[in-house]
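# An overview of the molecular structure
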Amino acid sequence: MQNSLKNRIIIYMKTRNIFPVLILVLLLSCSCFVPAESLSILSYNVQNLFDDVADGGEYHNYNPESGQWGSEMFQNKLNNLAEVIRETDADIVLLFEVENQNCIDSLVRFYLPTRGYRFNYCLDQENSNINSAVISRIPVNEVKTHRLELGRSILRNINEVFFEYRGIEFEIILNHWKSKLGGDEETEEKRKLSAQTVRRLIQNNPLPVIVAGDLNEDLYEFKKQEFRYPTALVSKKNLHRIPKEERNRCLVFSENKKEVKGDVLYSIWSELPPEKGSYFYSSEWEKIDHIFVNEPIIDPTQKPNLIRCEIPEYDFMVNRNGKPRSFSTKTFTGVSDHFPLLIELEF
C-alpha cells in the first residue's frame, strides 16, 4: 500500500474569494466589535441544519416538499441554535452539518442581528448538503479548501480558515471526518486520510493552530479497539504501537503539555471532566467532537494562550437524562444530538 499522500488521494487547494460575502454582511450589520484581550471559539455539530427551500439535494426528512420539514421548523431550530450562541457569546462560531449559506445568513440576520457577527461563510462542498460554516466577529482573512478522494469515495473537505487578532495571525482547521456507518474498522481508512491531511497542514506551521470539529472518532479510539489496528487518532504514549510506516497517517495528541511539540497536539479534553463526552451512543459517552491546539497556544510565554475550556450545557439543549437534546419537529425543543465545545484564548 502506498503511504504517500499524493499517491493515495487527490487533493486540491482552493483559496476562496470571501470579500463579496463580507461586504454584504457588513452592510447588513450596524453593531461594532471592540477588541478585547481574549477571544472565544465555539465548535458545534448542529445535526442537520437544513433551510426551508427545496433545492433537490436534501435528505427526505428535511425536504420541504415531503411535508416533514418547513419554515416553522427551520425558524424554530435557528432560534434554539441562536440561543446557544447568545449564551456562550463566542466570538468565532464553527458549525458543522449546515446545508448552505442561506442557513447562515438567516441565523445571523434574523436571530443574531445585534451580536456583531459580520463575517459569515458556509464552506460549501460540491454535491454535498452537509457542510461546515464559520460566523465571526473578526475578519476572515483567507480560506483554503482541501478536497480529499480515496478511490471512488469523495470525503468531506478539510478547510483552513485564517484570522488576525490584535496583530497576531492564527489558523483554525475545520474538520468533519467520515462517520462509522459501514463499520468501525471498515471506515477507518477514510478517517486516517483526513488525519494525514491535517497532520501535513500542521507540520512546520509557525502559526498558532486550532484543529476543531466532529472527527467521528473517540479520543481513546485506539485503546477502545484494543490496539487491533491503527486509528486516525493516537495518543503520543501509544504511538509506539503503530507501525512506523503508518505513523504519518495518524493525528497525534498528548494530554501532557510538556509533550506537545511539532505536530503533536494538545487535546482540550484534558481540561474537561473525564466522565463527560460530547455525544451519547450505545449507553456511553463518546468524545468524538474535538478541539486540539498546537504548542504556541499552550506556551505561557506566547500569545494567544489557552485560558478556558468548556462543554456548554443549558437546560433547553439537555434532556431529562442529561444528554444532548436533538431538535424535535413536534415540540420545537432541543438543538442537536451533540454538545458543543468552547475555548477561550488570551491575546
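To keep things clear, this report deals only with the structure shown in the data block. (Residues numbered from 1 in each chain as written. Predicted model: local features only at pLDDT ≥ 70, side-chain atom pairs only at ≥ 80, totals over all residues. Heavy atoms only, no water.)

### Some points on the overall build of the protein
- In terms of regular secondary structure, the protein is built from seven helices and 19 strands.
- Along the three orthogonal principal directions, the C-alpha set of the protein runs to about 55 × 45 × 40 Å.
- A buried classification covers 58% of the 347 residues belonging to the protein.
- Within the protein, residue pairs in contact and separated by at least 24 positions form 67% of the contacts whose partners lie at least 6 positions apart.
- Of the roughly 15,300 Å² that the protein leaves accessible, carbon and sulfur atoms contribute 47%. (Helix = DSSP H or I, 4+ residues; strand = E, 2+ residues; numbered from the N terminus. Buried < 20%, exposed > 50% of the residue type's maximum accessible area, 1.4 Å probe, protein only. Contact = heavy atoms within 4.5 Å. Areas by Shrake-Rupley, 256 points an atom, 1.4 Å probe, with all protein chains shown as cover.)

### Concerning the pairing of strand E5 (residues 131-136)
- Burial within E5 is extensive, with six of its six residues counted as buried.
- Of the two faces of E5, the one carrying Asn131, Ala133 and Ile135 and the one carrying Ser132, Val134 and Ser136 are both buried.
- Across six bridges, strand E3 (residues 92-98) lies against E5 in antiparallel orientation. Directly across from Ile92, in E5, lies its bridge partner Ser136.
- By the bridge criterion, five bridges tie strand E4 (residues 119-123) to E5 in an arrangement that is antiparallel. Residue pairing for E5: Leu123 is matched across the bridge by Ser132. (Pairing = 2+ DSSP bridges.)

### Some details on the sheet that holds strand E19 (residues 341-346)
- Strand order in the open sheet formed by six strands is E4-E5-E3-E2-E19-E18, and the pairing between neighbours is mixed. Taken across any chain shown, the strands that pair with only one partner, and hence form the sheet edges, are E4 and strand E18 (305-310). Neighbouring strand axes in the sheet, compared pairwise and without regard to direction, differ in orientation by 15 degrees on average.
- Contacts from helix H3 (residues 71-88) reach strand E2 (38-49), E3 and E5, with the element oriented near 160 degrees to E2.
- The strands touched by helix H4 (residues 101-111) within the sheet are E2, E3, E4 and E5, with E4 carrying the most contacts at an inclination of about 155 degrees. (Axes fitted to C-alpha atoms, helices over the stretch in contact; angles between N-to-C directions.)

### So, the side chain of Asn305
- Positionally, Asn305 belongs in strand E18.
- By relative accessible area, Asn305 is classed as buried at 13%.
- Within polar-contact distance, the side chain of Asn305 engages the backbone oxygen of Asp299 at 3.0 Å. (Polar contact = N/O pair within 3.5 Å; in protein donor to acceptor, adjacent residues only side chain to side chain.)

### Describing the environment of Leu174
- Mapped onto the elements, Leu174 comes out in strand E10 (residues 168-176).
- Once the C-alpha coordinates of Leu174 and Ser43 are considered, the two residues, 131 residues apart in sequence, prove to be 9.2 Å apart.
- Dropping the residues within four chain positions of it, Leu174 is found in contact with Leu94, Phe96, Leu123, Ser132, Ala133, Val134, Asn157, Ile158, Asn159, Val161 and Ala212.

### A few points about helix H5 (residues 184-202)
- A rise of 1.5 Å per residue sets the reference length of H5, with its 19 residues, at 27 Å; its end C-alpha atoms lie 26 Å apart and thus fit the reference within 8%.
- Taken as a whole, H5 carries its principal kink of about 30 degrees at Lys190.
- A positive phi of about 55 degrees marks Asn204, the residue just after H5. (Expected span 1.5 Å × (residues − 1). Bend = angle between axes of the 7 residues up to and from the residue.)

### A few points about the environment of Asp315
- Within the secondary structure, Asp315 is located in the loop between E18 and E19.
- Sequence separation between Asp315 and Gly334 is 19 residues; the distance between their C-alpha atoms is 9.2 Å.

### Here's the deal with the packing of aromatic side chains
- Under the counting rule described, the total for this entry stands at 14 aromatic pairs.
- On the basis of an interplanar angle of 50 degrees and a centroid distance of 5.4 Å, the ring pair of Phe50 and Tyr59 is categorised as tilted.
- With a centroid separation of 4.9 Å and an interplanar angle of 80 degrees, the aromatic rings of Phe222 and Phe227 are classed as edge-to-face.
- On the basis of relative accessible area, Phe227 is assigned to the partly exposed category, the value being 28%.
- An aromatic cluster is built from Phe50, Tyr59, Tyr62, Trp69, Phe327 and Phe332, whose rings are joined through pairwise contacts.
- Stacked on the ring of Phe227, the Lys or Arg Arg241 has its end atom at 3.9 Å from the ring centre.
- The side chain of Lys323 reaches across the aromatic face of Phe280, ending 4.5 Å from its centre. (Phe/Tyr/Trp six-rings, centres within 6.5 Å; stacked < 30°, edge-to-face > 60°. Lys NZ or Arg CZ within 6 Å of the ring centre and 35° of its normal.)

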